[in-house]
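# Topology and contacts: notes
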Amino acid sequence: MEVFAVDVGLFGGIFVRKVLFPAIGDYVSGHDHALDHITMVSQGRIRFRCPVTGIDRDIVAPDFIETPARARHEMTAVEPNSCAWCIFAVPDGDMTGTA
């Protein structure tokens, strides 16, 4: 099942988006952002794919991976109850590039 962000916030110029993956196979479909960012896995295991960078591997908590701006990427849960965070530095509080 496709999953979506459950918590979103802007704190001191840092934008964070929390995504929960309740079941194995839950996913966030391919997308990109206007800004460089990191994806941090805080619980479980996520398969991260980014054809632009050639990355196709599991990220096991606690760990993170960098994704350049405009690099299409997707995530799929390999373990149930996994949790990932998208984290961006947001210049001047402009969240335009985080979508």
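This text follows the structure it describes.
Bear in mind the structure is a predicted one, so any value in this text is a computation, not a measurement.

### Here we look at the overall build of the protein
- Within the protein one finds 0 helices and 9 strands.
- Counted from the first residue to the last, the protein has its helices and strands arranged as β-β-β-β-β-β-β-β-β.
- Whereas a compact globule of 99 residues would reach a radius of gyration of roughly 13 Å, the protein reaches 13 Å, a difference of no more than 12%.
- Structurally, the protein occupies a C-alpha span of about 35 × 25 × 25 Å along its principal axes.
- Out of the 99 residues in the protein, the part that is buried amounts to 34%.
- Here the analysis covers contacts within the protein between residues at least 6 apart in sequence; of these, 68% occur between residues at least 24 apart.
- Carbon and sulfur atoms provide 57% of the accessible area of the protein, an area that totals close to 5,300 Å².
- If you average the places of the 8 positive and of the 13 negative side-chain charges in the protein, the two averages end up 4 Å apart.

### Focus: the sheet that holds strand β5 (residues 45-50)
- One open sheet holds the 4 strands; their spatial order is β3-β8-β5-β6, and the pairing between them is antiparallel. Edge strands, defined here as strands with exactly one partner in the open sheet, are β3 (27-31) and β6 (55-60). Taken pair by pair, the neighbouring strands of this sheet meet at an average axis angle of 15°, ignoring direction.

### Details of the nonpolar core
- Core analysis: the largest hydrophobic core is formed by 14 residues, its most contacted members being F21, V28, I46, F48 and M75.
- Counting residues per element, the ones that place at least two in this core are β2 (14-21), β5 and β8 (73-77).
- With 3 residues, β5 is the largest single contributor of residues to this core.
- Once residues within four sequence positions are removed from consideration, F21 is found in contact with V3, D26, Y27, V28, I46, M75, A77, E79, P80, N81, S82 and A84.
- Counting residues in hydrophobic clusters, the runner-up holds 5 residues, among them F15, L35, C86 and F88.

### Section: the pattern of salt bridges
- For the coordinates displayed, the defined rule picks out 7 salt bridges.
- Notably, a salt bridge pairs D58 with R45, separated by 3.4 Å at the nearest N-O pair. In this pair, D58 is assigned in strand β6 and R45 in strand β5, connecting sequence segments 13 residues apart.
- One salt bridge in this structure joins R49 and D56, with 3.5 Å as the shortest N-O distance.
- On the basis of relative accessibility, which here comes to 44%, the residue D56 falls in the partly exposed class.

Rules used in this analysis
- Every residue gets a number counted from 1 within its own chain, in the order that chain's sequence is written.
- Only residues with pLDDT of at least 70 get local features here, since the model is predicted, and only at 80 or more are side-chain atom pairs given and counted; chain-wide, interface and lining totals rely on the full set of residues.
- Hydrogens and water are ignored here; the side-chain numbers use all heavy atoms of the structure.
- The way it works is that DSSP assigns letters per residue, a run of H or I at least four long becomes a helix, a run of E at least two long becomes a strand, and they are numbered from the N terminus.
- Taken over C-alpha atoms, the radius of gyration is set against a globule rule of 2.2 Å times the number of residues to the power 0.38.
- Burial classes follow relative accessibility: with a 1.4 Å probe on protein chains only, a residue under 20% of its type's maximum area counts as buried, one over 50% as exposed, and anything between as partly exposed.
- Whether two residues are in contact is decided by their heavy atoms: any pair within 4.5 Å suffices.
- For every accessible area listed, the method is Shrake-Rupley and the probe measures 1.4 Å; residues are considered covered only by the protein chains on display.
- Only four residue types enter the charge count: Lys and Arg as positive, Asp and Glu as negative, with His and the chain ends excluded.
- Note on charges: their place is set at NZ of Lys, CZ of Arg, CG of Asp or CD of Glu.
- At least two DSSP bridges between two strands are needed for those strands to be called paired.
- Note on geometry: axes are lines fitted to C-alpha atoms, helical ones only across the stretch in contact, with angles between N-to-C directions running from 0 to 180 degrees.
- Joining through side-chain atoms within 4.5 Å is the link that ties buried Ala, Val, Leu, Ile, Met, Phe, Trp, Tyr and Cys residues into a set, and such a set is a nonpolar core.
- Criterion for a salt bridge: a side-chain nitrogen of Lys or Arg within 4 Å of a carboxyl oxygen of Asp or Glu.

By themselves, these are just geometric observations and shouldn't be taken as functional.
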